[in-house]
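# A look at the structure
Below, each chain spelled out in residue letters.
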Amino acid sequence: MEKTFHMLLYRAFHAQRSYLRPYLRELGLGTGQPKLLRYLAANGSCRPKELADYFEIDPAAVSRMLDALEKGGFITRMTDTACRRADRIELTELGRRVQQEWTQYCQKEESLMLRGFSETEIEQFSSYLKRAYQNLRNAETEEPPCKT
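None of the values given here were measured: they were computed from a predicted structure.

Moving on: the overall build of the protein chain. In terms of regular secondary structure, the protein chain is built from 6 helices and 2 strands. Put simply, the protein chain runs from its N terminus to its C terminus through helices and strands in the order α-α-α-α-β-β-α-α. A principal-axis box enclosing the C-alpha atoms of the protein chain has dimensions of 50 × 40 × 30 Å. Here the protein chain holds 148 residues, and 24% of them are scored as buried. For the protein chain, contacts bridging at least 24 residues in sequence account for 50% of all contacts bridging at least 6.

Spelled out as structure tokens, the structure:
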């Protein structure tokens with residue numbers, strides 16, 4: 001099979017997902033939920049819209065993930081004192097603990113993934129991924145999407 005960047009990225013993503021998913025289920029988390037926990041751990045309580053904007057995902061998808069996280073006891077919702085129509089999301093103690101465990105597991109995964117890479121190569125790889133992301137984000141505003 002042709003080794004295009006598209007396929008190389010897909011295969012790396014698929015391998016990463018296959019490695020992480022069993023532990024995700026073990027912790028009682030669903031797809032996409034760890035990133036919300038990580039954001040809350042790093043930034044404190046926030047509104048759901050802030051999560052949707054930061055992760056560039058549909059607010060309805062964030063709402064579904066938050067519903068599941070709340071049901072699992074990982075987060076709580078509080079009425080925002082500045083705007084009573086909006087909720088603020090906050091990690092529970094369980095959410096904090098699970099987020100820390102997930103982060104440790106992801107660090108292990110990164111160590112495996114980057115085995116044999118020098119510090120310089122890791123920095124370059126990170127820089128390349130950031131630039132590729134930015135190029136794609138900029139392209140969304142430059143060209144209309146192709147129609148099939």
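Positive phi values are uncommon outside glycine, yet Glu56 reaches one of about 55°. Within the secondary structure, Glu56 is located in the loop between α3 (48–55) and α4 (59–71). Overall, the relative accessible area of 40% leaves Glu56 in the partly exposed class.

The next subject is helix α2 (residues 33–43). Turning to α2, its buried residues are Gln33, Pro34, Leu36, Leu37, Tyr39 and Leu40. Buried-residue contacts for α2 involve α1 (5–27), α3, α4, β1 (75–79), β2 (87–91) and α5 (93–113). Immediately beyond the C-terminal end of α2, within one or two residues, lies Gly44, with a positive phi of roughly 80°.

Attention now moves to the side chain of Gln33. Counting through the fold element by element, Gln33 comes out in helix α2. On the basis of relative accessible area, Gln33 is assigned to the buried category, the value being 8%. Look past the residues within four positions of Gln33 in its chain and what remains in contact with it is Gly28, Met65, Ala68 and Leu69.

By the definition in use, this model includes 7 salt bridges. For the salt bridge of Glu56 with Arg137, the shortest nitrogen-to-oxygen distance reads 3.2 Å. Placement of the pair is Glu56 in the loop between α3 and α4 and Arg137 in helix α6 (residues 119–142), with a sequence separation of 81 residues. A residue is classified by how much of its surface remains accessible, and Arg137, at 27% relative accessible area, is partly exposed.

A separate point is the side chain of Glu109. Within the fold, Glu109 resides in helix α5. Here Glu109 sits buried without a salt bridge, and the closest side chain of opposite charge, Arg38, lies 9.2 Å off (N-O distance).

What follows deals with the packing of aromatic side chains. Here the structure, examined in full by the defined rule, presents 7 aromatic pairs. Pairing Phe117 with Phe125 gives two aromatic rings, centres 6.0 Å apart and planes at 25°, and the pair type is stacked. Here the aromatic residues Tyr19, Tyr23, Trp102 and Tyr105 are joined through ring pairs into a cluster of three or more.

With that settled, the discussion passes to the packing of α1 against α5. As a packed pair, α1 and α5 sit with axes 11 Å apart at the nearest point and diverge in direction by 160°. Classed by the angle they form, the pair α1 and α5 counts as roughly antiparallel. Crossing hand, α1 versus α5: right-handed. Across the interface between the two elements, Gln16, Tyr19, Leu20, Tyr23, Leu24 and Leu27 from α1 touch Val98, Glu101, Trp102, Tyr105, Cys106, Lys108, Glu109 and Leu112 from α5. A per-class count over the contact of α1 with α5 returns 10 nonpolar, 1 polar and 3 charged.

Parameters at a glance
- Residues numbered from 1 in each chain as written.
- Predicted model: local features only at pLDDT ≥ 70, side-chain atom pairs only at ≥ 80, totals over all residues.
- Heavy atoms only, no water.
- Helix = DSSP H or I, 4+ residues; strand = E, 2+ residues; numbered from the N terminus.
- Buried < 20%, exposed > 50% of the residue type's maximum accessible area, 1.4 Å probe, protein only.
- Contact = heavy atoms within 4.5 Å.
- Salt bridge = Lys/Arg side-chain N within 4 Å of Asp/Glu carboxyl O.
- Lys, Arg positive; Asp, Glu negative; His and termini not counted.
- Phe/Tyr/Trp six-rings, centres within 6.5 Å; stacked < 30°, edge-to-face > 60°.
- Axes fitted to C-alpha atoms, helices over the stretch in contact; angles between N-to-C directions.
- Parallel < 35°, antiparallel > 145°, perpendicular 65-115°, else oblique.
- Left-handed = near helix turned anticlockwise from the far one by under 90°.
- Nonpolar A, V, L, I, M, F, W, Y, C, P; charged D, E, K, R; others polar.

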